[in-house]
2 protein chains.
Amino acid sequence: MSSSNTVFRSSTTAPVNIAVIKYWGKRDTVLNLPTNSSLSVTLSQKSLRTHTTASCSESFTGPDTLVLNGEKEDIQSSKRTQACLKVLRSLREALEAKDTSLPKLSKWTLRLVSTNNFPTAAGLASSAAGFAALVRAIADLYELPQSPKELSLIARQGSGSACRSLMGGYVAWRAGTKEDGSDSLAEEVASVSHWPDMRALILVVSAEKKGVPSTAGMQTTVETSTLAPARFKEIVPKRMQEIEKAIEERDFETFARITMQDSNSFHAICLDSWPPIHYLNDVSRAAMNAVETANRKAGKLICAYTFDAGPNAVIYYLQEHAHQVAGVFRNILPRVPGWEGEFGESIRPNEFGGLEQKTLMTLKAGVSRVICTAVGGGPEKVERHLVDESGNAVVE
Amino acid sequence: MSSSNTVFRSSTTAPVNIAVIKYWGKRDTVLNLPTNSSLSVTLSQKSLRTHTTASCSESFTGPDTLVLNGEKEDIQSSKRTQACLKVLRSLREALEAKDTSLPKLSKWTLRLVSTNNFPTAAGLASSAAGFAALVRAIADLYELPQSPKELSLIARQGSGSACRSLMGGYVAWRAGTKEDGSDSLAEEVASVSHWPDMRALILVVSAEKKGVPSTAGMQTTVETSTLAPARFKEIVPKRMQEIEKAIEERDFETFARITMQDSNSFHAICLDSWPPIHYLNDVSRAAMNAVETANRKAGKLICAYTFDAGPNAVIYYLQEHAHQVAGVFRNILPRVPGWEGEFGESIRPNEFGGLEQKTLMTLKAGVSRVICTAVGGGPEKVERHLVDESGNAVVE
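Thresholds applied
- Residue indices follow the written sequence of each chain, beginning from 1 at its first position.
- Each chain takes a letter, starting from A, and each ligand takes a number, starting from 1, following the order in which they are written.
- Only residues with pLDDT of 70 or above have their local features reported here, since the model is predicted, and side-chain atom pairs are shown and tallied only from 80 upward, although totals for entire chains, interfaces and linings are computed over all residues.
- Only hydrogens and water are set aside; all other atoms, that is, all heavy atoms of the structure, feed into the side-chain values.
- Whether two residues touch is decided by their heavy atoms; if any such pair falls within 4.5 Å, the residues are in contact.
- The term buried area denotes the loss of accessible surface (1.4 Å probe radius) that occurs when two parts are joined, taken as the sum for both partners.
- Here, a salt bridge means any Lys or Arg side-chain nitrogen found within 4 Å of an Asp or Glu carboxyl oxygen.
- By definition, any uninterrupted DSSP run of H or I lasting at least four residues is a helix, any uninterrupted run of E lasting at least two residues is a strand, and each is numbered from the N terminus.
- The buried label goes to any residue with under 20% of its type's maximum accessible area, the exposed label to any with over 50%, and the partly exposed label to all in between, with areas taken from a 1.4 Å probe on protein chains only.
- Residues belong to one nonpolar core when they are buried, are Ala, Val, Leu, Ile, Met, Phe, Trp, Tyr or Cys, and are joined through side-chain atoms within 4.5 Å.
- A least-squares fit on C-alpha atoms brings the copies together, and the residues used are those whose pLDDT is at least 70 in both copies.
- Here, any two strands with at least 2 DSSP bridges between them count as paired.
- A fitted line through C-alpha atoms represents every axis, and for helices the fit uses only the stretch in contact; the resulting angles, taken between N-to-C directions, go from 0 to 180 degrees.

Let us now look at the interface of chain B and chain A. The figure often quoted for interface size is the accessible area lost as the parts come together. Contact residues are listed per partner, giving 31 residues for chain B and 31 residues for chain A. Approximately 2500 Å² of surface area, both sides summed, lies buried where chain B meets chain A, with 65% of it carried by carbon and sulfur atoms. Counting the surface chain B buries against chain A, the share from its top three residues, L227(B), L271(B) and W274(B), is 25%. In this structure, the connection of chain B to chain A is made through 2 salt bridges.

All names here are of chain A. For S284, the position within the fold is in helix α7 (residues 282-298). Residue S284 is classed as buried on the basis of its relative accessible area, which comes to 0%. Setting aside residues up to four positions removed in sequence, S284 forms contacts with Y279, F307 and P311.

Side chains of nonpolar character tend, in soluble globular proteins, to be buried together. In terms of nonpolar packing, the biggest core is built from 96 residues, with I138(A) and I138(B) touching the most fellow members. Among residues more than four places away in sequence, those in contact with I138(B) are A54(B), L85(B), L88(B), L110(B) and L112(B).

Once that is clear, we can look at the relation of the copies chain B and chain A. Mapping between the two copies of the chain is achieved by a rotation about an axis and a shift along the axis. For the pair chain B and chain A, the superposition axis carries a translation of 0.0 Å, the fit reaches an RMSD of 0.0 Å, and the rotation angle comes to 180°. Within this description, the copies of the chain are treated as partners about a two-fold rotation axis. Within chain B, the C-alpha atom positioned nearest to the axis of rotation is that of A268(B), 2.1 Å from it. Comparing interface residues between copies, 100% of those in chain B also lie at the interface in chain A; the contact surface is shared.

The subject of this paragraph is the pattern of salt bridges. According to the stated counting rule, one finds 32 salt bridges over all chains in the structure shown. Measuring nitrogen to oxygen at the nearest pair gives 3.6 Å for the salt bridge that ties K238(A) to E242(A). Taken together, the residues K238(A) and E242(A), both in helix α5 (residues 228-248) and 4 residues apart, mark about one turn of the helix. Given the relative accessible area of 52%, K238(A) is considered exposed. Judged by its relative accessible area of 29%, E242(A) is partly exposed. Residues K46(B) and E342(B) are paired through a salt bridge, measuring 2.8 Å at the closest nitrogen-oxygen approach.

Turning our eyes to something else, we now look at the pairing of strand β1 (residues 8-15) of chain B. Residue and element names in this part refer to chain B. With 6 of 8 residues buried, β1 is to be regarded as a mostly interior element. For β1 and strand β6 (residues 49-56), the ladder comprises 8 bridges, and the chain directions are antiparallel. Counted as the bridge partner of P15 is R49 from β6. Bridge analysis of β1 against strand β16 (residues 380-382) gives 3 bridges, and the strand direction is antiparallel. Paired with T12 across the strands is K381, a residue of β16.

All names here are of chain A. Across the sheet, which stays open at both edges, the 4 strands sit in the order β13-β14-β12-β15 with antiparallel pairing between neighbours. In this open sheet, the two edge strands, each paired with only one partner strand, are β13 (303-306) and β15 (367-374). Within this sheet the neighbouring strands show an average axis-to-axis angle of 20°, counted without direction. The pairing of strand β12 (residues 198-205) with strand β14 (residues 313-318) spans 6 bridges and is classified as antiparallel. In the sheet register, I202 faces β14, and the bridge partner there is V314. Of the strands in this sheet, β12, β13 and β14 touch helix α8 (residues 322-332), which is tilted by about 155° from β14. Across the sheet, helix α9 (residues 357-366) is in contact with β12 and β15; its angle to β15 comes to roughly 90°.

Everything listed here is a matter of geometry and, on its own, says nothing about what the molecule does.
Structure, rendered in structure tokens:
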């Protein structure tokens, strides 16, 4: 039996995802409907995850709150967060209307508490994991029957790429064509177990200043790039088909080529925007150069770079090539933090002679940490709550 | 009367040109037929020029020779040079056939001597000025009646962009559509006197290594860039019309915007090539940033950057804005060589507060010299010969 003081809680962790076919451009900025489909690899939550507890109680008063990494966020003026909460509440309301014995959680104040296990300073897009965890935690709190695919429609309204963090493995976000966005959702293309050997090495680059925020940047591209329409209409749809086939066949070489080409295509339309948008710097280009050199040395594509809206490099490779790929970077960057942990500790430094002095120096000077990770699963329900039984945020 | 020892000589100077609508991609690699039209500003020969003497004599023996900056070039194995010589000789032959009193210059060995007044180390594309001077000097030696436009068809076969250096002012290279290239030629869009106030400040960037050579690079783009077709077919033709109108109306703002957009579009298709091609580095981006800042401060576009196949920035501006544009760079780079001369010496340093420290430091560290120049005229016949009356190269 629950009294009016009972605090209902549900907690989840959600992963980060890094796209190999990039999302850049909205056809509807309110609903976060993209100009093209995209595809990502969900990364292991051992390395990168958001942990979120959703709680509510009849006794909670005042507006909904969110505490993120110990800081109170202003969610009242966040249209994106409000959009997610509104849809989730209406789904709960529908359950409550059908079964009047259910507690009226939809009417109560929500207290949300969230933490990331990675430094925000790392410049890693945490909004995807954040909105996925928020939606998943509230859906669990409300005991909603919706599938991850259905929930992805909601998370998408919080942050476009968040829809891809509701599933593990290899995830496609279908752009859809409907005006109301009801067909713009994420779906798993392949599970972790289909291709579990995928690894990702992230080179965190100390940027001097934050670049153009992605929401503003992608609108600039949509409105001004004369090269972008070809990417949206023809190039990405073709690549989506090709890379899904490559994933199905575990064809790393095709996966790698398309991943690199699509990253370059994305940064090309950024440069073609007016005013132009730059995310890659000389450190990023040194990382590209090191990847190209490792591939040349191997005589085939054994690694692939990709860059989001910032200078950090994400390098995909298979476990069997850990020494040939990650080992090269470990040899160049032996003392930066991040080589510990399940996916990093076994990487042996590779004394690789083929890199130019300039590339080495640029990487040494510009990479501040690494993150060694791998493909991983979707959100997980956890019993560790960040809100205690009295409804207070747990100080970690 | 000429004896068999008479040395016939003709000398010319030819200018460098810097495109504002870029040539990048050939539809025919033998004839140097481009995938799109392009447009350039011819730069003053006071700052940058090639001086070439063409000479021939019945007494000269052996193969044709070219001495460039004191070094003997291997022109026998240069298909491009051979193509130019062949056409020029055949035009002379036609004259000799019509008027049998003419000396048979077409049968005689050519001795060509050429010098640049700028350091080749500066990484400035000298092939345009070089082939324009070579074609012009031989055409004068042979007393060919062909117009600059007709000669541009020949120079084009030496180096595509050379066809634009046969005229002064603002020059378009029409891509043409014919398979034999007979309509792929240069024409003056506007003379120097139509818009004489155009200035160009070149920031010579010390690159660590030479990038991909443009001939190879443009073929890679044509063969692999999925964004390039839109540029070739739609984007450039539209921009050509717009910028020609802007030049006609002396509308600097439109000229500047299109110039910057087209440079960015060219580098975007380079990045979209496979493997990707990078010419811009952090110094180039600092120059772009300084140009953007000067424009923002002015509240309108008073300067425009453009980059060829390398990191050097060329910044166009009007004389009336010399202090607001070039003055900023003179203040940042007071001690690099190049501020002397007609177009540089009057530029007063501008203590401009709006630039970020990072941009300043990057420019200070990365720019090794400047060249202050302006729009200028086409090739000029000169009496100073680089071959003496006995047929020997003059040591300068």
